[in-house]
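Descriptive structure summary
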Amino acid sequence: MKTFDCICGNTLFFENSQCLSCGQDVGWCPACGSIRTLRHERENVYRCANTDCGAKLAKCHNYVVENVCNRCVRLNDAAPDPSALCDCCVYNDTIPDLSIAGNREKWGRLEAAKRRLFYTLDLLGLPHGTAASGFDPPLAFDFKADSIPSNEFWRAMGKEERVYTGHAGGKITINIREADPAERESIRVEFDEAHRTLIGHFRHEIGHYYWDLLVKGKREVDSIRVFGDHENPSYAEALDRHYREGAPTGWQQNFISAYATMHPWEDFAETFAAYLELTSVLYTANNVGLGPVPDVRTAGFPEMVDAKRRLSVAMNEMNRTMGLLDFYPKILMTPVVEKMRFVHELVRSNSVASGQVA
Ligand SMILES: [Zn+2]
Ligand SMILES: [Zn+2]
Ligand SMILES: [Zn+2]
Ligand SMILES: [Zn+2]
């Protein structure tokens, strides 16, 4: 990520919806691909204050009404449509039940992580689209809570439904309990994970989406060579074995995480997530003055891995200084680097110029 500038000179961050110095509204301008000061013209009509842009904008419905977004939509000469959703919110199929206390806050955290995901996808030029735009397979999100029958009458009417975070056919489902920091930390400890974050969930699940979009029926032979045979054993058999026996000893030599040992699809998704993490970290390092590090849009893969190694020593020590978890706990063994190289080449060969990110 990078930081942005308000017209008053104050620094703006990706999540801001207001400048904390001059008080003006700010938001994502889709025309210039950055967070900008919004000049108010009339009810929900704004101008991007970037003099090179000046796009006519309206705030996304989830910005102006729901307060969980900070993006704008472009306005042509038509009157603003108060229900118009931005290029991130338009992917939502299901949002949490906002009549339940705390769900709006959880939803807001999920949307903030999702916007960061889209920023990286657009930075790398990875294709994606909705069903309404005719994209195949369409991408969509469900943010849902477990519904557990209780003594409350209205809940007891429904049947118990557990929500599993995962991906199927372009639909990414996230259980919103992951957006509760205390719950998420307790799951992290239970599963002995180095990190457990919302952005990490999005990076993993989108990996499954890109397997369907870019590998399935196209690069499956290459994928089998790198990750193993995804048809034998079946996913169901692999899942059963993983929960019965756990990860094989010494998995660290060949896999990015214990979960990646479960099945080649999980290995691909974990590796894809690690690649998005690597590109995001290097891009941010460059933009906040921790560089020079190579440009993730053009650099060769070995240069990117070298830069990551240098940076992680420094960042881990910084985090230890503050008593935090290691910033970059993953050690990239050679077989893991080779899997990431496969993802790198897949991303580069499918990159489309998006113009979404400045
Ligand atoms: Zn300002
Ligand atoms: Zn603009
Ligand atoms: Zn939005
Ligand atoms: Zn998965």
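So, here is what we can say about the structure in this document.

Focus on the sheet that holds strand β3 (residues 26-29)
Pairing within the open sheet is antiparallel, and its five strands lie in the order β3-β4-β5-β6-β7. Bordering the open sheet on either side are β3 and β7 (72-74), each of which pairs with just one other strand. Going from strand to strand, the sheet's axes swing by 50° on average, the running direction of each strand aside. Where strand β5 (residues 45-48) and strand β6 (residues 56-59) come together, two bridges link them in antiparallel fashion. Counted as the bridge partner of Tyr46 is Leu57 from β6.

Looking at the coordination of the zinc ion (ligand 4)
The coordination sphere of the zinc ion (ligand 4) contains the protein donors His204 (NE2), His208 (NE2) and Glu266 (OE), at a distance range of 2.0 to 2.1 Å. Mapping the donors of the zinc ion (ligand 4) onto the primary sequence gives the spacing H-x3-H-x57-E. In this pair, His208 is assigned in helix α5 (residues 198-215) and Glu266 in helix α8 (residues 264-287), connecting sequence segments 58 residues apart. What makes His208 buried here is its relative accessible area of 12%. Judged by its relative accessible area of 3%, Glu266 is buried.

Quick word on the sheet that holds strand β10 (residues 166-168)
Across the sheet, which stays open at both edges, the four strands sit in the order β8-β9-β11-β10 with mixed pairing between neighbours. Bordering the open sheet on either side are β8 (92-94) and β10, each of which pairs with just one other strand. The sheet shows a mean angle of 25° between the axes of neighbouring strands, taken without regard to direction. Both β8 and strand β9 (residues 140-144) contribute to a ladder of two bridges, which runs parallel. Looking at the pairing, Asn92 lines up with Phe141 of β9.

Brief notes about the packing of helix α9 (residues 301-321) against helix α10 (residues 334-349)
When two helices pack together, you describe them by how their axes are tilted relative to each other and by the distance separating the axes. Packing of α9 against α10 leaves a shortest axis separation of 10 Å and a crossing angle of 125°. Between α9 and α10, the crossing angle belongs to the class labelled oblique. Of the two elements, α9 crosses α10, and the hand of that crossing is right-handed. Where α9 approaches α10, its residues Phe301, Pro302, Met304, Val305 and Arg309 are matched on the opposing element by Val337, Met340, Arg341, His344 and Arg348.

Reading the values: the criteria
Residues numbered from 1 in each chain as written. Chains lettered and ligands numbered in written order. Predicted model: local features only at pLDDT ≥ 70, side-chain atom pairs only at ≥ 80, totals over all residues. Heavy atoms only, no water. Pairing = 2+ DSSP bridges. Helix = DSSP H or I, 4+ residues; strand = E, 2+ residues; numbered from the N terminus. Axes fitted to C-alpha atoms, helices over the stretch in contact; angles between N-to-C directions. Donors = N, O, S within 2.8 Å, 3.2 Å for Na, K, Ca; no water. Buried < 20%, exposed > 50% of the residue type's maximum accessible area, 1.4 Å probe, protein only. Parallel < 35°, antiparallel > 145°, perpendicular 65-115°, else oblique. Left-handed = near helix turned anticlockwise from the far one by under 90°. Contact = heavy atoms within 4.5 Å.

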